[in-house]
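# Inside the fold
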Amino acid sequence: MSVTINEAKAMLDKAPRVSLGFFPTPLHRLNSISEELGINLWIKRDDFTGSNLFGGNKTRKLEFLIGKAIADGAECVFTYGATQSNHAMQTSWAAAKNGLKPILYLAAVVPPDPDDYKANLLLDGIYGAEIHVVDLEEGESFADAERRSFKMGKEHIARLAEQGIKSYDIPMGGANEYGTLGYVNAMVELAEQMEEADLQFDHMYHSTGSGGTMAGLVAGRNLLGLDTQIHSITAMEVDEKYAARAARNANGALELIEADTVVSESDFIVDQNHYGPGYECPSDEATEAIKLLARKEGILVDPVYSGKAFAGLIADARDGQIPAGSNVLFVHTGGSTVFFAEKEILGALV
């Protein structure tokens, strides 16, 4: 059963939360690219979430995650990702802003120079994070290194607990039921903007990695009864249980706010056709999409996440999977700091 915007807001108030961002984020039409693609294309600027210089989708999740950490009496927060993780950087400033110590375990997909930290790694240090770089062992994948970093983090949390220090463990990407609430809330915000503009979207595109944003968008859509197809373009290879995990997080989030709505695996449209050649590995398709958006609209999307998602949107528009004249929304999830990262991540943009 769907609820009204005001009912959804009241439900979300039941969860612990801190204020981190500047909301609502802007929603505006991309006039030049709309004309080129033959669709009515809008963009939701979640790269502007604030309140530091570099926003992004994790800020919404961290409002609820840091809120939960504080409610639990934590002194430290742990999280995980790659060395240039947007999530880890946003966790660092969100924790610091709220008097918590950020502790990061970061897998070196692209090995950083320990004497010349760049981009998100540099910012992590400025925000006071305790950084543990986990080098990939010979023949090890990013997923293997991540699993090893999770184990290292849990051992560290146990050592701190022995000293009487309580920690809150935030999963990679903030993808749990509390983090998912951030994008349930985003859909409520978007619904209000759509109502004010007398606008309905046929399709929505966004980048997905750990799946928390995807889970929240779908949960929020179902909660409000919106008729929008949500296309989640993966930034990495995902396994056959990916949608099931997202459904669990979505339903867990809805349970936290005592909603009757249910999300199933079939509610997710997961597109794995655009992440190649791999996570943090640039692609020609994404490079062209980044240049098109920059040169037509003056907006930057990154080569790891949103650039590949925007490439997926362009491909679907050009091959007719998005019918001409459709109202389409692209959710810009941030990542601008990567333009100052290692050249291996940037590829032909350098």
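Anyway, here's the lowdown on the structure attached to this text. (Residues numbered from 1 in each chain as written. Predicted model: local features only at pLDDT ≥ 70, side-chain atom pairs only at ≥ 80, totals over all residues. Heavy atoms only, no water.)

## Examining the overall build of the chain
Where we set the bar: Numbering goes from the N terminus for both helices and strands, where a helix is a DSSP run of H or I of at least four residues and a strand is a run of E of at least two. In this treatment the radius of gyration is a C-alpha quantity, and the globule benchmark scales as 2.2 Å times the residue count to the 0.38 power. Should any heavy atoms of two residues lie within 4.5 Å, those residues are considered in contact. Values of accessible area rely on a 1.4 Å probe in the Shrake-Rupley scheme; residue burial ignores everything except the protein chains shown.
Looking only at helices and strands, the chain features 12 helices and 10 strands. Radius of gyration (C-alpha) of the chain: 19 Å, near the 20 Å computed for a compact globule of 350 residues. With the C-alpha coordinates of the chain rotated into their principal frame, the extents come out at 60 × 45 × 35 Å. Counting contacts in the chain only where the partners sit at least 6 residues apart, residues at least 24 apart contribute 80% of the total. Of the roughly 14100 Å² of accessible surface on the chain, a fraction of 49% belongs to carbon and sulfur atoms.

## Digging into helix H3 (residues 58-71)
Along an α-helix, residues three or four apart share an orientation, since each turn contains 3.6 residues. The following threshold applies: One less than the residue count of a helix, multiplied by 1.5 Å, gives the span that helix is expected to have. A simple rule labels every residue: compare its accessible area, found with a 1.4 Å probe on the protein chains alone, to the largest value its type can have, and call it buried under 20%, exposed over 50%, or partly exposed in between.
Between its terminal C-alpha atoms H3 stretches 19 Å, which fits the 20 Å expected from 14 residues at 1.5 Å a residue. For H3, a buried count of 12 out of 14 residues is recorded, marking the element as mostly surrounded by other parts of the structure. Turning to H3, its buried residues number three or more, namely Lys58, Thr59, Arg60, Lys61, Leu62, Glu63, Phe64, Leu65, Ile66, Gly67, Lys68 and Ala69. Phi for Gly73, located one or two positions after H3, is positive at around 80°.

## Quick notes on the packing of helix H7 (residues 177-197) against helix H9 (residues 242-256)
Put simply, the rule reads: Convention adopted: a line fitted to C-alpha atoms gives each axis, helices being fitted over their contacting stretch, and angles between N-to-C directions are expressed from 0 to 180 degrees. Each angle is binned into one of four classes, with values under 35 degrees roughly parallel, values over 145 roughly antiparallel, values of 65 to 115 roughly perpendicular, and all other values oblique. Residues are sorted three ways: Asp, Glu, Lys and Arg are charged, Ala, Val, Leu, Ile, Met, Phe, Trp, Tyr, Cys and Pro are nonpolar, and all the rest, Gly among them, are polar.
Contact geometry for H7 and H9: axes closest at 8 Å, N-to-C directions at 80°. The angle between the axes of H7 and H9 places the two elements in the roughly perpendicular class. Residues Glu177, Tyr178, Thr180 and Leu181 of H7 lie in contact with H9, whose contacting residues are Asn249, Ala250, Gly252, Ala253 and Leu256. Residues of the contact of H7 with H9, tallied by class, amount to 5 nonpolar, 3 polar and 1 charged.

## A short note on the sheet that holds strand S10 (residues 327-332)
Put simply, the test is: Two strands pair if DSSP finds at least two bridges between them.
As summarised here, the arrangement of the 6 strands in space is S1-S2-S10-S7-S8-S9, forming an open sheet in which the pairing is mixed. Looking at strand neighbours, the two that pair on one side only are strand S1 (27-29) and strand S9 (269-271), the edges of this open sheet. Going across the sheet, the axis of each strand differs from the next one's by a mean of 25°, ignoring polarity. Bridge count for strand S2 (residues 40-45) against S10 is 6 bridges, and the pairing is parallel. By the bridge assignment for S10, Lys44 is matched with Val331.

## Remarks on the sheet that holds strand S4 (residues 101-108)
The strand order across the open sheet formed by 4 strands is S5-S4-S3-S6, and the pairing between neighbours is parallel. Looking at which strands have only one partner, the edges of the open sheet turn out to be strand S5 (130-135) and strand S6 (167-169). In this sheet, neighbouring strand axes are inclined to one another by 20° on average, regardless of whether the strands run parallel or antiparallel. Bridge count for strand S3 (residues 76-82) against S4 is 7 bridges, and the pairing is parallel. Opposite Cys76, over in S4, you have Lys101 as the bridge partner.

## Focus on the pairing of strand S7 (residues 203-208)
Basically, it comes down to this: By convention a crossover is right-handed if, when the strands point away from the viewer, the path from the first strand over the helix to the second runs clockwise.
Judged by how many residues are buried, S7 sits mostly within the fold: 6 of 6 residues are covered. Taking every second residue as pointing to the same face, both faces of S7 are buried, with His203, Tyr205 and Ser207 on one and Met204, His206 and Thr208 on the other. The pairing of S7 with strand S8 (residues 229-234) spans 6 bridges and is parallel. Residue pairing across strands places His206 opposite Ser232, the latter belonging to S8. This β-α-β element, S7 to helix H8 (residues 212-224) to S8, shows right-handed connectivity. Pairing between S7 and S10: 3 bridges, direction parallel. Bridge pairing links Met204 to Leu329 in S10.

## Topic: helix H4 (residues 86-97)
Given a rise of 1.5 Å per residue, 12 residues ought to cover 16 Å, and the 17 Å separating the end C-alpha atoms of H4 matches this to within 8%. The buried fraction of H4 is high, at 10 of 12 residues. Where H4 is concerned, the buried positions are Asn86, His87, Ala88, Met89, Gln90, Thr91, Ser92, Trp93, Ala94 and Ala95. Buried residues in H4 make contact with H3, S3, S4 and helix H5 (119-126).

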